[in-house]
Amino acid sequence: MNYGRFSDDGREYIIMRPDTPRPWVNYLTNGRYCAICSQTGGGYSFFETSGYNRITREYPQTVVLQDRPGRYVYLRDVETGQLWSANWQPFCGDRAGFTAVHGLGYTVVGYTHNGIESSITYYVPPRDDVEVWMVRLKNISDRHRRIQAFPFVKWDLANYAYNATESSFAALFHETMFEDDIIFATTRFWNIAISAVGNPNTRWDKWAFMTSSAPIEAFDTLDEEFIGVYRSLVDPKALCDGRLTNSSGCGRDILAALQHEFELAPQQEEKFVVLVGVVHHKEEALALKRRYDTWDEAERGLAEVRKYWDAYLERTICETPHREFDIAFNVWNKYQAWVTSRWSRMDSYYIGGGSIIGFRDSWQDMLAILPNDPDWAKERVVYLLQHQFPDGSTLHNWDPLTNIGVKTGHSDDPLWLVLGVIEYIKETGDLVFLDESVPYYDGGSETVRQHVVRALDYTLAHMSDRGIPLIMAADWNDGLDYVGRQGRGESAMVAGHLAWMLREVATLMWFVGSDSLAQKYIDEREKLIRSINDNLWDGEWYIRGTRDDGQAFGSSRNIEGRIYLNAQSWMVISGAAPRARALRCMDSVKKHLDTPYGPALFLPAYREPDPKMGIITRFAPGTKENGTIFCHPTCWAIMAECILGRGDRAFEYWSKVSFMSRGKDAETYKSEPYVFSEYIHGPDSKYFGQGEFSWMTGTAAWMWKVCLEWILGVRAEIRGLLVDPCVPSEWERFRVRRRFRRAVYDIEVVNPEHVCQGVKEIIVDGKPHDSHILPVFAPGETHEVRVIMGQPSGAERFEEMVVRETT
């Protein structure tokens with residue numbers, strides 16, 4: 001690995017050179033303030049929403065290739081006039097002397113150049129909406145030095161899209177000032193859609209600010225005075241002159257820069273703290289300046305970040321024979337899932353820039369938070385339920401600031417609501433929650449139980465004449481957006497999803513005594529499964545669906561898009577596929593879709609646009625949803641293989657798609673080697689194996705959930721905690737420590753027979769336990785569980801025992 005490596009404990013990623021194949025970023029966030037920070041301090045910041053509360057600038061056309069602008073600390077030797085930076089960027093000079101560390105909630109950039117050793121530690125404290133830069137400069141030369149330091153950011157206030165498309169006009173509303181050693185900036189025009197009609201007519205209700213703990217010699221807030229004309233970030237006029245101009249004013253392009261001067265004897269170092277943040281009132285910025293005005297206070301803030309992540313990570317941990325699996329599961333996959341749960345698909349270097357919260361995305365993102373923070377998960381569940389309509393349909397996405405959203409008619413949206421509520425009930429045992437009242441988006445309220453019933457009934461009311469769910473605007477695969485525009489196209493994936501949810505809701509209704517409703521859904525499930533197997537089976541696999549004209553896609557009769565992954569995995573997950581067909585269709589996945597980087601979403605890719613299919617055929621072959629290794633569905637393939645008991649194949653798929661494997665070939669993969677990308681270019685792409693659209697992907701939540709619940713095999717059921725591992729046959733033992741309903745389960749699994757699946761014996765606190773479901777213990781208690789894997793005695797298959805005990 002030429003670019004970096006994990007620390008020994010796996011909790012940091014250490015980058016050894018600045019010119020990574022793509023910017024490798026970190027998310028420094030407390031869930032309100034978000035600073036996306038690259039290995040050189042590049043990136044940008046926003047507060048609450050990236051579209052309406054931007055703070056610093058991103059240039060979307062160049063951010064991936066140039067990674068500018070950023071959070072820079074320019075440096076200047078007063079005697080020689082030489083300019084460089086503590087970040088390496090934007091000058092991009094000698095790579096020697098550079099190192100960077102991405103940790104959980106913090107990033108450290110170090111650069112030694114021109115006899116000055118520098119480092120900047122960036123973080124966002126849990127309690128304050130500000131980014132803290134801890135800057136250290138040390139003279140490692142053998143002579144006395146006079147060094148100027150210039151902290152710098154480029155403002156991009158409030159209106160991301162408006163500022164990008166109307167930059168000259170948007171500048172007319174800018175306002176800057178310098179008070180109490182603080183640069184303040186705001187805009188008099190907030191282009192926020194408060195209602196569906198009328199033009200915006202309000203000012204931004206916030207102030208962005210920059211300040212420093214070091215004595216401030218001068219400042220600048222205007223681009224033209226700092227950068228100059230016909231210049232750029234690599235040769236700003238004010239820095240070349242050696243003096244900032246104290247510029248401020250209104251109606252101009254704006255930035256923030258401060259000037260400090262230090263006298264450094266040999267081996268002497270100086271430390272200072274820079275703050276960049278946002279407040280509603282300027283007095284709040286002064287209070288933050290006082291709070292972080294010393295190095296010790298900044299250290300305490302960083303300690304709060306570390307303490308938060310220490311507590312979060314320890315709630316669910318594993319120890320397996322596979323170090324890479326442990327690092328991913330215990331640290332980075334869990335960390336990425338937390339980030340995506342807070343920001344959905346709102347912003348990254350590759351997607352977003354708006355203020356959109358996705359309905360389906362947010363339900364899935366919540367799933368990985370449930371075992372680790374059920375209180376936050378409940379808040380999220382209630383929030384998402386409030387975006388459903390009384391007929392059971394839902395918004396597809398909305399702006400969280402205005403709560404204005406769109407109802408697109410995606411067929412899968414209501415079913416994610418059902419899954420989310422079911423999973424919350426299983427994890428917490430909070431049956432009372434079913435009777436809590438939650439409002440609908442357009443008025444009125446009903447119990448959570450009724451929200452679930454209405455979502456399920458909505459899908460049942462939108463079926464084809466053959467008894468298959470209609471795809472409508474699209475399903476999980478947004479690219480299939482013209483398959484069912486006329487109201488006749490069908491979705492096999494939604495059919496599998498519906499069959500799964502009918503079983504889950506029926507089980508829950510039986511448990512709470514609603515037997516007639518449970519029976520209704522079991523009858524609907526049996527009818528649906530007959531329709532699936534009568535109409536969607538293609539001989540070796542299930543078709544993906546039918547178009548409005550009745551033609552099948554994902555069929556052996558197709559030249560392109562012959563076999564789709566999700567149509568196979570979801571039939572296994574739902575139990576809709578009889579075992580023989582389940583094995584056959586997943587073997588077809590292995591035969592026709594598997595690649596060195598994991599199973600593809602479908603193959604072959606579409607070569608020419610097909611207006612009867614939609615945008616999926618318009619993406620370049622081997623990109624986005626058109627014949628790529630889309631990492632999100634790989635999670636469902638792993639889950640399906642675990643259900644079939646094939647742990648070796650499940651783990652093979654995990655290994656192929658995991659960033660722990662892909663990151664070892666950084667020149668091919670290019671994306672960050674410590675988080676999942678949305679997709680990997682498929683075999684029909686020239687860039688086969690390259691990762692794209694990192695960080696903001698549902699892969700994070702689902703992969704962590706699948707690793708916990710299906711590979712490690714420790715998953716919540718209504719009656720308790722089920723133990724059902726499905727591991728590589730070479731694993732001899734592993735351990736899982738997991739919180740469940742406020743008790744701690746310390747589970748040791750031994751595998752003397754080297755099986756992939758099967759439990760012979762379970763011992764709880766030294767006593768034999770006769771069920772695969774562990775009991776619910778009192779809050780605060782810790783209990784030891786020993787699980788011995790092997791082929792169980794008796795005629796009943798292991799998977800049949802699990803089904804019997806959980807339904």
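Just so you know, these numbers come straight off a predicted model, no measurement behind them.

A. Fine view of the nonpolar core. The biggest cluster of nonpolar side chains holds 253 residues, and the ones touching the most others in it are Trp133, Trp155, Phe325, Trp332, Trp363 and Trp702. Ranked by residues supplied to this core, first place goes to helix 13 (residues 492–511) with 13 residues. Apart from the residues lying within four places of it in its own chain, the contact partners of Trp702 are Gln364, Leu367, Trp416, Leu419, Trp500, His632, Cys635, Trp636 and Met639. Counting 14 residues, the second largest nonpolar core, distinct from the first, contains Ile227, Leu233, Leu255 and Ala257.

B. Seen up close, the pairing of strand 9 (residues 98–103). In terms of burial, strand 9 is a largely internal element, 5 of the 6 residues being buried. Note: strand 2 (residues 13–15) against strand 9, 3 bridges, orientation antiparallel. By the bridge assignment, Ile14 is partnered in strand 9 with Val101. Here strand 9 runs beside strand 10 (residues 106–113); their pairing, made up of 6 bridges, is antiparallel. For Gly103, the partnering residue across the bridge sits in strand 10 and is Tyr106. Between the end of strand 9 and the start of strand 10, which pair antiparallel, lie 2 residues, with Gly105 showing a positive phi angle near 90°.

C. Representation of the confidence of the model for the chain within the structure. When the pLDDT values of the chain are averaged, the result is 95; 97% of them are 70 or greater. Scored below 50 in pLDDT, residues 794–798 shows 10 contacts in the model against residues more than four places distant or in partner chains.

D. The arrangement of helix 17 (residues 631–643) in detail. Across its 13 residues, helix 17 extends 19 Å between first and last C-alpha, which sits within 8% of the 18 Å expected from 1.5 Å per residue. A large share of helix 17 lies buried, amounting to 12 of its 13 residues. Among the residues making up helix 17, those that are buried are Cys631, His632, Pro633, Thr634, Cys635, Trp636, Ala637, Ile638, Met639, Ala640, Glu641 and Cys642. Within two residues after helix 17, Gly645 carries a phi angle of roughly 85°, on the positive side.

E. Layout of the packing of aromatic side chains. Counted under the stated rule, the structure contains 62 aromatic pairs. Ring centres of Tyr308 and Trp309 lie 5.2 Å apart, and the angle between their planes is 90°; on these two criteria the pair is classed as edge-to-face. Owing to a relative accessible area of 31%, Tyr308 belongs among the partly exposed residues under this scheme. On the numbers, 5.1 Å between centres and 65° between planes, the contact of Tyr424 with Phe433 is edge-to-face. When its relative accessible area of 0% is taken as the criterion, Phe433 is described as buried. The ring centre of Tyr106 lies 4.5 Å from the NZ or CZ of Arg306, which sits over that ring. Directly above the ring of Phe329 sits Lys334, whose terminal nitrogen or CZ lies 6.0 Å from the centroid.

Cut-offs and rules
- Residues numbered from 1 in each chain as written.
- Predicted model: local features only at pLDDT ≥ 70, side-chain atom pairs only at ≥ 80, totals over all residues.
- Heavy atoms only, no water.
- Core = buried A, V, L, I, M, F, W, Y, C linked by side-chain atoms within 4.5 Å.
- Buried < 20%, exposed > 50% of the residue type's maximum accessible area, 1.4 Å probe, protein only.
- Helix = DSSP H or I, 4+ residues; strand = E, 2+ residues; numbered from the N terminus.
- Contact = heavy atoms within 4.5 Å.
- Pairing = 2+ DSSP bridges.
- pLDDT = per-residue confidence, 0-100.
- Expected span 1.5 Å × (residues − 1).
- Phe/Tyr/Trp six-rings, centres within 6.5 Å; stacked < 30°, edge-to-face > 60°.
- Lys NZ or Arg CZ within 6 Å of the ring centre and 35° of its normal.

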